[in-house]
Structure formats: C-alpha cells, structure tokens
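# Results of the structural survey
In case you want the letters, here they are:
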Amino acid sequence: MEGDHIKVNKWLLPLSWFYGLGVKLRNMLFEMGVLKSHTFNVPVIAVGNITAGGTGKTPHVEYLVRLLQETSKVAVLSRGYKRKSKGFILADDTATARTLGDESFQMKQKYPKAIIAVDKKRVHGIKKLQEQYDDIDVVLLDDAFQHRYVKPGINIMLVDYHRLIIYDRLLPAGRLREPLNGKNRADVVIVTKCPKDLKPMEFRVIKKGMELFAYQTLYFTTFDYDALQGLFNGEAKALDAIAPDTNVLLLTGIGSPQQMEEDLGKLYPNITPLHFSDHHNFSRKDIGKINDTFSALPTPKCIITTEKDAVRLKEAEGLSEEVQQSIYALPIHVTFMLEQEKMFNENILGYVRKNSRNSILVKGKDDNKPQNSHHTGNGSRTISFRNN
C-alpha cells in the first residue's frame, strides 16, 4: 500500500530523466496543435494506462461491451499487440489469434455481436470502420490512453492497485510510460485488481494520493471469476468443484498475475505458479517446461490459466495428453466496489445516448464533434462525471 513493494532501479533514474524529456516534448506538441488529435462524429471511449504491464484493460473493455451492446452497435478497435498481420484487419469467421492478437480474438469469440477490428493507426482504423458500417453507435479504443492522435469523448485510465502510479517512476527505472501528470488527461480513473477486503482507510489514502481534479472521477474495481472452461475437453467446472487439496499449476502470461494468484491461493493452498511475460508466445521449450512441471505434481492436480493465454495455448504444439485433459481457462469479470457501478453505468450510457450518430442526425447536426459536451481540463470533450 505504501509503495515499498514497487521495485525501482535507482541506477537507471538518469535515463528515466531523458526518457521523460522526450515524452514531455511529444505531449507538448499535441497541446500546441503541432501534432493533431482527431475527433469523430461517433462517441469514442478510450481505455488505457500510463504504465508498462497489465492493468486489466481487456476485462474493463469487455465490461463496456456487455454494458453497451444491448442498446448500441459497438465497435472495438485495438492495435492487435503481437499479431502477425499488418494494417487494418476486421474480425470475421477466418480470424485467428495470429491475425488479430490474442486479446481481440478472445473478445470476438466471447462477443460475436460486437464489431472487432485491429489497426495500429487508430485514426485510420476508425475511418475504415465508419466506411464499412454506417450505424456504429460507439467505438471503444483498447489500450489507447497514450494514443493521442484520437481525441476521445471519455478517456478512462486504469491503475493497478498492486503498482500504484503515485509510487512509481518513469521507464526504465520504473514502469511509468509518461510523467505522473499524464493522468490529468483522464476523465475517469479506475484503480483495478483491488483486494475484496480493502479497508475504508485504504480507499481514502489512495483517493488523496491520486490528487485528481474536480472533472475527474475515481472508481475502484475488483475481479470476480466465472466457471472454469476446459481448453480441450470442453468441460465447464465451478471453482468450488475442485477439491481444496488439489495441486494447482497456475500458468500465466499476463502483465500482473499477483491478484489472481492471491485469490486462487485462498481456495487452493497447494498452488504452483508458472509465470511468463505478458503476451508470451509459447515456444517448444516452454511447452516442454509446462509438461514437465505438471507431470512432477502429485495427484490430484489440474492447470488453471487465463483466457488470454488459452488462446495461444490452443494453437501451441506439443502439450502432453495429461496436460490437455487437465487444463482450464479461468474467465474473469470486473466488479465495481463501493456501490459505484450504477453511477459508472449511467454516465457511460448517458454519454453514448446523447452523442451517438442517431442522436446527432435527429438534431440535424453532424459537424464531426460530440454534442451535449463540455471542455474538461485535459482538452477532450466529455459529459460531466459526478465526483464520488
């Protein structure tokens, strides 16, 4: 909580100073208008962070998809990190994790009604989406907080509870991708992966430490888990259906697996973590290590992995029969804390409803700017978010 657990390489702090100088120059060019930020006549919500490593972007984007898809036509645009394709790719029946990236492919499988696309150049990607679909109600930009060529109507910044930005340092000494004042561009800040037993005092300390402005709203979320899904055997199994004395191999290739490990550790004391880097592509050597590690565990045993890793593991070659019959993906979903869900939902739905293309057409306005909006301190146009 105090930030003592955050590792900072003090020897690299001089390099962080030069890195920060470059980032400040880039941001200054955007503020001066030398580098252009584009607006669109469709509501745009960006979700991202200012740190390197996982903050739970995909589960939060999925939360927005579930919230919006019943009343709106939703498009999700990501850069498709570590995909093997280039340019704009629209997800269809032939799409794979190699063409879309693991996160976008996972999202298309879970939410077939949503339009899923990838493009490193987000301005180009939104234009392509609008060319192919004239009835999109909202575009969700995944991992785009720092992609300033698009000016979103709502800018959502995620902060990992286990690595609070107020205690971190710039790359390469720490994990911040830009100075702390970059958070000022956010309309919404969400502290993610919070322990469920977080005490009231801790909420207050974090809120004070974040030093947000009046136009910014702070939320707290935690992860909840759905039934395990067998990767190869197709079996669905509740977490409590696995005996507590089971030896669990927790296999992850995500940026921050700490909260998941803590949560599962409460259910299964005999847990063996096997962590790889974020978006890790499993090599033949890695697969051998997985087979050998699992084989050495005493029975009863099973493997639990993330949905994101499951996408890549399904395409990997060489998993033993024992592993294939024992490996399960653990779906997660976001839950808001402090009874904040209703307020968050109302603000998101209200923004999309008031600024959707259909609403603009009804008013006879289509001037490439969101309507019913105001300027916030970060220069973007958004609705008013009530402070909690």
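Residues numbered from 1 in each chain as written. Predicted model: local features only at pLDDT ≥ 70, side-chain atom pairs only at ≥ 80, totals over all residues. Heavy atoms only, no water.

## Remarks on helix H7 (residues 258–267)
- Those residues of H7 that fall on the buried side of the exposure criterion are Gln259, Met260, Asp263 and Leu264. Down the axis of H7, the buried set is contained in an arc of 125°. They therefore lie on one face.
- In this fold, the buried residues of H7 make contact with strand S8 (217–225), strand S11 (247–252), strand S12 (271–275), strand S13 (301–306) and strand S14 (327–330). (Buried < 20%, exposed > 50% of the residue type's maximum accessible area, 1.4 Å probe, protein only. Helix = DSSP H or I, 4+ residues; strand = E, 2+ residues; numbered from the N terminus. Arc of directions from axis to C-beta. Contact = heavy atoms within 4.5 Å.)

## Some thoughts on the sheet that holds S14
- Spatially, S10-S9-S14-S13-S11-S12 is the arrangement adopted by the six strands of the open sheet, whose pairing is mixed. Single-partner strands in this sheet number two, and they are strand S10 (236–237) and S12.
- By the bridge criterion, two bridges tie strand S9 (residues 228–230) to S14 in an arrangement that is antiparallel. The residue of S14 that forms the bridge with Gly230 is Tyr328.
- Sheet strands touched by H7: S11, S12, S13 and S14. Its angle to S12, the strand with the most contacts, is close to 165°. (Pairing = 2+ DSSP bridges. Axes fitted to C-alpha atoms, helices over the stretch in contact; angles between N-to-C directions.)

## Some points on the environment of Lys301
- Structurally, Lys301 is set in strand S13.
- On the basis of relative accessibility, which here comes to 17%, the residue Lys301 falls in the buried class.
- Sequence separation of Lys301 and Phe203 is 98 residues, and the distance between their C-alpha atoms is 37 Å.
- In this structure Lys301 touches Thr246, Asn247, Phe294, Ser295 and Glu322, once residues within four positions along its chain are discounted.
- Here the side chain of Lys301 touches Phe294 through a polar contact of 2.9 Å, landing on its backbone oxygen. (Polar contact = N/O pair within 3.5 Å; in protein donor to acceptor, adjacent residues only side chain to side chain.)

## Some remarks on the sheet that holds strand S2 (residues 74–78)
- Spatially, S3-S4-S2-S5-S1-S6-S7-S8-S15 is the arrangement adopted by the nine strands of the open sheet, whose pairing is mixed. Two strands in the sheet have a free side with no partner beyond their single neighbour: strand S3 (89–90) and strand S15 (332–336).
- Taken together, the five bridges between S8 and S15 define a ladder with antiparallel strand orientation. The partner of Asp224 across the bridge, within S15, is His333.
- Across the face of the sheet, helix H4 (residues 102–110) comes into contact with S2, strand S4 (115–118) and strand S5 (138–142) while running at roughly 170° to S4.

## Structural notes on the packing of helix H2 (residues 57–68) against helix H11 (residues 341–355)
- Orientation of H2 relative to H11, taken along the N-to-C sense of each, is 65°, at an axis distance of 11 Å. With respect to each other, H2 and H11 are oriented roughly perpendicular. Of the two possible hands of crossing, H2 and H11 adopt the one that is right-handed. Side by side, H2 and H11 meet where Tyr63, Leu64, Leu67 and Leu68 of the first sit next to Glu341, Phe344, Asn345, Ile348, Leu349 and Val352 of the second. (Parallel < 35°, antiparallel > 145°, perpendicular 65-115°, else oblique. Left-handed = near helix turned anticlockwise from the far one by under 90°.)

## Some thoughts on the pattern of salt bridges
- For the structure shown, the criterion picks out 16 salt bridges.
- Here Lys110 and Glu62 are joined by a salt bridge, their closest N and O atoms 2.9 Å apart. Within this pair, whereas Lys110 is found in helix H4, its partner Glu62 is found in helix H2, the two being separated by 48 residues in sequence.
- Accessibility expressed as a relative area gives 2% for Glu62, which makes it buried.
- Linking Asp224 and Lys196 is a salt bridge whose minimum nitrogen-to-oxygen distance equals 3.2 Å. With Asp224 in strand S8 and Lys196 in the loop between strand S7 (188–192) and helix H6 (200–210), the pair connects residues that are 28 residues apart, well separated along the chain.
- Among the residues examined, Lys196 registers a relative accessible area of 46% and is labelled partly exposed.
- Through salt bridges that share partners, Glu62, Lys110 and Glu307 make up one connected network. (Salt bridge = Lys/Arg side-chain N within 4 Å of Asp/Glu carboxyl O.)

## Digging into the confidence of the model for the protein chain
- Mean pLDDT over the protein chain stands at 89; residues scoring 70 or higher make up 90%.
- Every residue in residues 361–388 is under pLDDT 50, and counting partners more than four places away or in other chains gives 77 contacts. (pLDDT = per-residue confidence, 0-100.)

## Some thoughts on the pairing of S5
- With five of five residues buried, S5 lies mostly within the body of the structure.
- Of the two faces of S5, the one holding Val138, Leu140 and Asp142 and the one holding Val139 and Leu141 are both buried throughout.
- Where strand S1 (residues 44–48) meets S5, four bridges bridge the pair, whose relative direction is parallel. Across the sheet, Ala46 pairs through a bridge with Leu141, a residue of S5.
- Pairing analysis gives four bridges linking S2 to S5, with the strands arranged parallel. Following the sheet pairing, Val76 is matched in S5 by Leu140.

## Quick notes on the packing of aromatic side chains
- Counted by the stated rule, this structure contains 10 aromatic pairs.
- Look at Phe336 and Phe344: their rings are 4.7 Å apart centre to centre, the planes differ by 35°, and that puts the pair in the tilted class. Both residues of the pair, Phe336 and Phe344, count as buried.
- The residue whose ring lies beneath Lys301 is Phe294, and the NZ or CZ to ring-centre distance is 4.7 Å. (Phe/Tyr/Trp six-rings, centres within 6.5 Å; stacked < 30°, edge-to-face > 60°. Lys NZ or Arg CZ within 6 Å of the ring centre and 35° of its normal.)

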